[in-house]
Amino acid sequence: MALRAAVRNKSALSALLSQLSPCNSHGRVCVTQRRNNSTSPKIKVDFDHSAGVAVMRLQSPPVNSMSLDFLTEFCVNLEKLEMDKSCRGLIITSSQPKVFSAGLDIMEMYGKSPESCEEFYRAVQEMWLKLYSSNMITIAAINGTCPAGGCLMSLTCDYRIMADNPRYSIGLNETQLGIVAPFWFKDTMVNTVGHRTTEMALELGLLYNSSEALKIGLVDKLVPEDQVLTTATQTMTKWLAIPDHARQITKSMMRKPTIDKLTSNREADIQNFISFITKDSIQKSLRVYVEMLKKRKG
Amino acid sequence: MALRAAVRNKSALSALLSQLSPCNSHGRVCVTQRRNNSTSPKIKVDFDHSAGVAVMRLQSPPVNSMSLDFLTEFCVNLEKLEMDKSCRGLIITSSQPKVFSAGLDIMEMYGKSPESCEEFYRAVQEMWLKLYSSNMITIAAINGTCPAGGCLMSLTCDYRIMADNPRYSIGLNETQLGIVAPFWFKDTMVNTVGHRTTEMALELGLLYNSSEALKIGLVDKLVPEDQVLTTATQTMTKWLAIPDHARQITKSMMRKPTIDKLTSNREADIQNFISFITKDSIQKSLRVYVEMLKKRKG
Amino acid sequence: MALRAAVRNKSALSALLSQLSPCNSHGRVCVTQRRNNSTSPKIKVDFDHSAGVAVMRLQSPPVNSMSLDFLTEFCVNLEKLEMDKSCRGLIITSSQPKVFSAGLDIMEMYGKSPESCEEFYRAVQEMWLKLYSSNMITIAAINGTCPAGGCLMSLTCDYRIMADNPRYSIGLNETQLGIVAPFWFKDTMVNTVGHRTTEMALELGLLYNSSEALKIGLVDKLVPEDQVLTTATQTMTKWLAIPDHARQITKSMMRKPTIDKLTSNREADIQNFISFITKDSIQKSLRVYVEMLKKRKG
């Protein structure tokens, strides 16, 4: 059924396709066992000390899938910047053409041991916890398609600027793939676009093109693709004019209840994820996708 | 004062008028003591097994007032469909011309014993609890005016399609009648249109025409009156494309906190209703209405 | 930094300027030690017994700064009207040209003892608690600029009518001044315009002109400046048509959870305010402002 849904829905399918990272020219889907062995960084950080602003570029070909390696690297970099009191602002953008991030790497959830699933999911939680509570001003410069986990990362920032391109879509489309957005994905979206829009978006796994996303408030601004980063920099200047301590206390006041919900339920949330994702029916559903995608990419 | 309010406000008055079910051609208001004796069903269910979709037609003349009989029948039918795993979607519509449902039957609250009021109110809770937590995809095909309890039933569905007719109105107008929408009516509306719109709508007992209702998000789509049901069927097809298990878990995640609020306060909510509705001042207020309506209909 | 922010931002600066009440023609900023000695009332109340509606005029020159005296007088008057069962509606407006209220009086927070700060802050809480839970219909007739505490007072009413003048602004701009809106300011704004709009507005200390304020729902209606009060009176008539008891119970249902949050955390909230406002860094920040404003006004 999930398969039929995806076949009917081009957006979901292409989003899914982009979640797989072929390791070689034959398009074989690789299981990411190269952790700790990877040499090329998946995240590139440029810190402009004079401005107090860092730009983080996602550069994990082909589609910035959020593998455990990717998330670990992201968190390490984020923590470094957070500790550096001279860094007041962070812009997150993509170095890959046409995609911001394809979201969580399905291969981290398919055919894996419960222990591996736990390690991966804990890293997803960590990314969200660190970014949603960041003391820095965080701006997502969304220069490409942005489904699922990519959308979550964007929603977790303070401000979202998206390329005005009808072919780029954004949304939490997990349901389309037969999986479910965790409650803190949901909370983050409710905090951004409200309860009703979130309810329908998550039940249907909706992906919005850039104009639709602006209309419902999923992003804050659209600009031509080649101006996404410069606009982010200009917007950052306005935010930098606000006294840090007042802005930070205010941000914490707005977000702490949502963060506390996860921190006080973190282990239960992990167990819930493991028991769901390791179900035969879910694994079977993921398998159908993976096989289909191998063929299409092969 | 409630009387003056209603006289000034045509919408409220006509909504109220439609809440009374005359039993005979002389327009006498009847007290519904025919429970368990009724022969003609108030709800007609057509289940299309091949599509997995049931259509429930409200057919309690003249205006689908939600009496205890009506609600009991509704819940029995809903439960049957819920138990039938082959039924994945439910469309609710009206067989009566110009009205979806006039809402709760005032005669169940006027001049009744506390025990009767309790039995009735418990059935209203039951309808909401079952429908708001339904595993089925639920679509309201609103082909007529839809005040008070009719609006609640619609809001409790997953999607609302309304006839594009400025003479049809929808809203929780209880305050206009001197009574108060329970907290879970309020919660359901807040979940749909947000806190501020709900606050003003409930304090003023506002009824919205179809265009206004679309604008504030009280309904999701307007179509010409003769296309309400076909559009509901088409919309259902889109929802059916989503894997059931993922959609159901997502729906539960969105709605469970609201449902838990009632289930954990159900008895207190009943006692609160009884002590309110059996007050002399409220009964007097209802009496003025009933007398006035007898005259108008007589 | 706060200084630079304010200098860059004309709105914030002018809002700040207006928060200082010079005591004499030489523009010297006065410390309000005249409490209990003040002779001219800061609040003028006209109660139309036949209509059941009172109009409260803020008349504390030059800009209706909310000093301890002002707030005490406001609460005493509000309580009197609340006790008078014949008073069903309250309209709040300003007698000062071009300004509704400049908000909390900075001089009550600068160079004061913790005891004085506590007394002042408790009065701010009291104003909000009394007004947000009022049984009367409360309408803000916003006939001038309305930053910070002025905006809070407006948001605390049931309905907001603002003069359609692009030079008048409204918003909770505390962050621009290096201070932080308390959680119940935030809750009141979230209840009015939603979570996301509030998050960005409070983090950036945004002031909206009248058109923008209408667009995001911060006010409910714009009318020409000379029609603000008459429109408020007309709007009141509509609200008066609703039975009081039903409207009051509904209002309480909508607002009680927000009010309970403060009443159950009131002392902690006071201590939190005192420890924040008496910090050297915050006092220094306030001092820079006060000195600058003395010069500009001198």
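Going by the structure above, here's the rest.
Report on the accompanying structure. Every chain is numbered independently, its residues counted from 1 as its sequence is written. Note on labels: chains are lettered from A, ligands numbered from 1, in written order. Since the coordinates come from a predicted model, pLDDT governs what is reported: local features require at least 70, and pairs of side-chain atoms require 80 or more to be given and counted, while whole-chain, interface and lining totals use all residues. The side-chain values count all of the structure's non-hydrogen atoms but skip hydrogen atoms and water molecules.

Residue and element names in this part refer to chain B. Definition used for salt bridges: Asp or Glu carboxyl oxygen within 4 Å of a side-chain nitrogen of Lys or Arg. In this structure the tally under the stated criterion is 57 salt bridges over all chains. The closest approach of N and O atoms between Lys44 and Asp46, which form a salt bridge, is 3.1 Å. One salt bridge in this structure joins Glu118 and Arg122, with 2.9 Å as the shortest N-O distance. In this pair, Glu118 and Arg122 are both assigned in helix H4 (residues 114-132), four residues apart and thus about one turn of the helix distant. For the exposure calls, accessible area comes from a 1.4 Å probe over protein chains only, and a residue counts as buried if that area is under 20% of its type's maximum, exposed if over 50%, partly exposed in between. What makes Glu118 partly exposed here is its relative accessible area of 25%. Helix numbering and strand numbering both begin at the N terminus, where a helix is a DSSP run of H or I of at least 4 residues and a strand a DSSP run of E of at least 2.

Let's shift gears to the interface of chain B and chain A. One widely used convention gives an interface's size as the accessible area the parts lose upon coming together. Contact with chain B, which involves 21 residues of that partner, is made by 24 residues of chain A. Accessible area that two parts lose when put together, with a 1.4 Å probe and added across both, is what the buried area reports. Between chain B and chain A, roughly 2,000 Å² of surface is buried when both sides are summed, and carbon and sulfur atoms account for 66% of that area. It is B:Ile242, B:Met253 and B:Met254 that lose the most area in chain B upon contact with chain A, and together they represent 30% of the buried surface on that side. A salt bridge links B:Asp220 to A:Arg196; its shortest N-O distance comes to 2.9 Å. In the analysis that follows, any N or O atom pair within 3.5 Å is treated as a polar contact, provided that within protein one partner can donate a hydrogen and the other can accept it, and provided that, for residues neighboring in sequence, both atoms belong to side chains. At the surface where chain B touches chain A, the tally comes to seven residue pairs in polar contact (both at pLDDT 80 or more). By the convention used here, residues are in contact when the closest approach between their heavy atoms is within 4.5 Å.

Least-squares fitting of chain B to chain A yields an RMSD of 0.0 Å, with the superposition described by an axial translation of 0.0 Å and a rotation of 120°. As the rotation angle and translation indicate, the two copies are arranged about a three-fold axis. Closest approach to the rotation axis among the C-alpha atoms of chain B is made by B:Gly194, whose C-alpha sits 4.3 Å away. Residues below a pLDDT of 70 in either copy are left out; the C-alpha atoms of the rest, at least 70 in both, set the least-squares superposition of the copies.

Before going further, it helps to spend a moment on the packing of helix H6 (residues 183-193) of chain C against helix H7 (residues 195-204) of chain C. All names here are of chain C. Each axis is a line fitted through C-alpha atoms, taken for helices only over the stretch in contact, and angles between the N-to-C directions span 0 to 180 degrees. Packing of H6 against H7 leaves a shortest axis separation of 7 Å and a crossing angle of 135°. In this view, H6 runs oblique relative to H7, as classed from their interaxial angle. For the pair H6 and H7, the sense of crossing is right-handed. Between H6 and H7, the contacting residues are Lys186, Met189, Val190 and Val193 on the first element and His195, Thr197, Thr198, Ala201 and Leu202 on the second. Ten residues, namely Ala, Val, Leu, Ile, Met, Phe, Trp, Tyr, Cys and Pro, are considered nonpolar, four, namely Asp, Glu, Lys and Arg, are considered charged, and the remaining ones, Gly among them, are considered polar. The residue makeup of the contact of H6 with H7, split by class, is five nonpolar, three polar and one charged. Throughout this description, any angle smaller than 35 degrees is read as roughly parallel, any larger than 145 degrees as roughly antiparallel, any in the 65 to 115 degree range as roughly perpendicular, and the remainder as oblique. Rotating anticlockwise by less than a right angle from the far helix to the near helix defines a left-handed crossing, while the corresponding clockwise rotation defines a right-handed one.

With that settled, the discussion passes to the packing of aromatic side chains. The description of an aromatic ring pair uses the distance of the two centres, along with the angle that the planes make with each other. For Phe, Tyr and Trp, rings pair up if their centres lie within 6.5 Å, where Trp contributes its six-membered ring, and each pair is then called stacked (planes under 30 degrees apart), edge-to-face (over 60) or tilted (otherwise). Inspection of every chain in the model, using the stated rule, returns 18 aromatic pairs over all chains. Measuring from centroid to centroid gives 5.4 Å for A:Trp128 and A:Trp184, while their planes differ by 45°, and the two rings are tilted. Placement of A:Trp128 in helix H4 (residues 114-132) and of A:Trp184 in helix H6 (residues 183-193) is noted, with a sequence separation of 56 residues between them. Judged by relative accessible area, A:Trp128 falls into the buried class, the value being 0%. According to the relative accessible area criterion, A:Trp184 is buried, its value standing at 0%. Ring centres of B:Tyr121 and B:Phe273 lie 4.1 Å apart, and the angle between their planes is 5°; on these two criteria the pair is classed as stacked. Of the two residues, B:Tyr121 is situated in helix H4 and B:Phe273 in helix H11 (residues 266-277); the sequence distance between them amounts to 152 residues. Across this residue pair, the class does not change: B:Tyr121 and B:Phe273 are buried. The rings of A:Tyr121, A:Trp128, A:Tyr132, A:Trp184, A:Phe185 and A:Phe273 are connected pair by pair, giving a single aromatic cluster.

Moving on to the side chain of B:Thr198. Inspection of the secondary structure puts B:Thr198 in helix H7 (residues 195-204). A polar side-chain atom of B:Thr198 sits 3.4 Å from the main-chain amide nitrogen of B:Val190. Setting aside residues no more than four positions away along its own chain, B:Thr198 makes contact with B:Lys186, B:Met189, B:Val190, B:Val193 and C:Met254.

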